[in-house]
Amino acid sequence: MPHRAPDFLFDGYRRFRIERWPDARAEYETLAEAGQKPHTLIVACSDSRADPALIFDAKPGELFVVRNVANLVPPYEPDGGLHGVSAALEFGVKVLEVSRIVVMGHARCGGVAAMLKGSPDSCRDFVQPWVEQAQPIAREAAQAAGPERAESAAEEAVVRQSLTNLRSFPWIAEREADGRLALTGLHFGIADGVLRVLGRGEAFKPVA
């Protein structure tokens, strides 16, 4: 018989069907019938090392996840353009009625590095204009923090800016003001696995 080359995606699917599906089947059937009702919408980076479902040990149906380069939320601009992040926010807030929106940045973020050092020459069509929206605040934070903390300070600043931009959406600001919606900023350390939360004093502290 010919040797089958490994296919990591389909091999993972086969493990899922054998090891997890039997126990999870009833849960998935309920979700299929009743629909999803996630409690949290997470805006996270597309980075393969910072998967929200793994970090929060979430079950199917619990998280509504929006991922993009550098976990950016653009400001509210209902101009008829194609706004993928804003569309997901609108659906998550108005239709799914999530009770929390989380912006989760992470260490060693390539998108934030592109803000500080410039995008690769091969990524000028989309990556460069995308990261430019937060480039000034990332560079300002990095410069203020000094060489040792420049990268992490820039990553934290991007999380803060995304939270600020979330509040430019009137239906998000309204729900936060009346207590229906909470906004949370997080930063995940890839090397140490530590999750830090943005506190009232604008500092990120480890989750207890």
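Refer to the structure presented above.
Report on the accompanying structure. (Residues numbered from 1 in each chain as written. Predicted model: local features only at pLDDT ≥ 70, side-chain atom pairs only at ≥ 80, totals over all residues. Heavy atoms only, no water.)

What follows concerns the packing of aromatic side chains. Within this structure, the stated rule accounts for seven aromatic pairs. Each ring, one from F16 and one from W21, has its centre 6.1 Å from the other, and the planes form 55°; the classification is tilted. Residue F16 is classed as partly exposed on the basis of its relative accessible area, which comes to 23%. With a centroid separation of 5.3 Å and 65° between ring planes, the pair formed by F169 and W171 is classed as edge-to-face. Among the residues examined, F169 registers a relative accessible area of 1% and is labelled buried. (Phe/Tyr/Trp six-rings, centres within 6.5 Å; stacked < 30°, edge-to-face > 60°. Buried < 20%, exposed > 50% of the residue type's maximum accessible area, 1.4 Å probe, protein only.)

Now for unusual backbone geometry. Note on backbone geometry: most residues besides glycine have negative phi, and most peptide bonds are trans. A positive phi angle, close to 50°, is found at D57, a residue other than glycine. As for its placement among the helices and strands, D57 is situated in the loop between α2 (52–55) and β2 (63–68). Even without being a glycine, N71 presents a positive backbone phi close to 45°. Checked against the element boundaries, N71 lands in the loop between β2 and α3 (84–95). (Helix = DSSP H or I, 4+ residues; strand = E, 2+ residues; numbered from the N terminus.)

Let us now look at α3. Residues spaced three or four apart along an α-helix face the same direction, because each turn holds 3.6 residues. With 12 residues, α3 should cover 16 Å at 1.5 Å per step; its first-to-last C-alpha distance of 16 Å lies within 8% of that length. For α3, every residue scored as buried is listed here: V85, S86, A88, L89, G92 and V93. One face of α3 carries all of its buried residues, which in axial projection span an arc of 160°. α3 presents G84 and V95 as exposed residues on the side facing more than 90 degrees away from its buried surface. In the segment just after α3, E97 is the residue with positive phi, at about 55°. (Expected span 1.5 Å × (residues − 1). Arc of directions from axis to C-beta.)

Next up on the list: the nonpolar core. Judged by nonpolar contacts, the single largest core of 23 residues is most densely connected at L41, L89, I101, L166 and I172. Counting only elements with at least two residues in this core, the list comes to β1 (40–45), β2, α3, β3 (100–106), α7 (150–166) and α8 (170–177). If we ignore the near neighbours within four places in the chain, the residues touching I101 are L41, L89, V93, L166, I172, L181, A182, L183 and T184. If you look at the next biggest cluster of nonpolar residues, it comprises 14 residues, including C109, V112, A114 and A142. (Core = buried A, V, L, I, M, F, W, Y, C linked by side-chain atoms within 4.5 Å. Contact = heavy atoms within 4.5 Å.)

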